[in-house]
Every structure is written in C-alpha cells, then in structure tokens.
Amino acid sequence: MGMFLCEECGKAEVVDVIPRRGKICFGCHIKGIRLGFAHGKEDFHGPTIKERQDLQVAQAKSAGINAEPVGNRWV
Ligand SMILES: [Zn+2]
C-alpha cells in the first residue's frame, strides 16, 4: 500500500501502486476520460462505418479494383 497526492486536485489517494497514468487520483482520472470523450465526440458526427465502407469500395473501384467479395464474382 502507498499513497500519493493527486497532481490535479491535491487529494491524498491511497493506492497499492502508483498508477501508470501518474499521480492522478481516480476522480480526476475519470474526469479526464470524460473530457477526452467530449473532445472526441466529433467522431460520432462523422461518416458511419457503413459510409466509410462504401467510400472504400468507391475508392477501390476508381483505382480499378473490383472490391466486391471474390465469392460473388465467380459464381
Ligand atoms: Zn485528483
């Protein structure tokens, strides 16, 4: 067991080992994740996975590659 003072809020955090993330208490760590999530949420407004797949197929076709599954081509 050990403890450290959180570098973010100064709270004493009791831990088994100092987290790899640094001397950040769990509360501040979670806040950081939420902050990262808020910053990263623009991804959800971007193309969906399906749209990205369609785009890849379109790009492949424009590059002269038939991106359809091989199994469907020769039946
Ligand atoms: Zn903290």
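Below or above, wherever it landed, is the structure these notes cover. (Residues numbered from 1 in each chain as written. Predicted model: local features only at pLDDT ≥ 70, side-chain atom pairs only at ≥ 80, totals over all residues.)

As a further point, take the overall build of the chain. Helix and strand counts for the chain come out as 3 helices and 2 strands. Mapped in sequence order, the helices and strands of the chain form the string β-β-α-α-α. For the chain, the proportion of its 75 residues judged to be buried stands at 1%. For the chain, long-range pairs separated by at least 24 residues make up 0% of all intrachain contacts whose partners lie at least 6 apart in sequence. (Helix = DSSP H or I, 4+ residues; strand = E, 2+ residues; numbered from the N terminus. Buried ≥ 20, exposed ≤ 12 C-beta atoms within 10 Å, placed from the backbone. Contact = placed C-beta atoms within 7 Å.)

This paragraph deals with the pairing of strand S1 (residues 2-5). Taken together, the 4 bridges between S1 and strand S2 (residues 12-15) define a ladder with antiparallel strand orientation. Directly across from Met3, in S2, lies its bridge partner Val14. Linking S1 to S2, which pair antiparallel, is a turn of 6 residues; within it Gly10 sits at a positive phi near 80°. (Pairing = 2+ DSSP bridges.)

In a regular helix each residue adds 1.5 Å, so 14 residues correspond to 20 Å; helix H2 (residues 49-62) covers 20 Å between its end C-alpha atoms and thus fits that length. Summarising burial for H2: 0 of the 14 residues are buried, a small minority. Trailing H2 by a residue or two, Gly64 shows a phi angle of about 85°, which is positive. (Expected span 1.5 Å × (residues − 1).)

In short, shape yes, function no, at least from these values alone.
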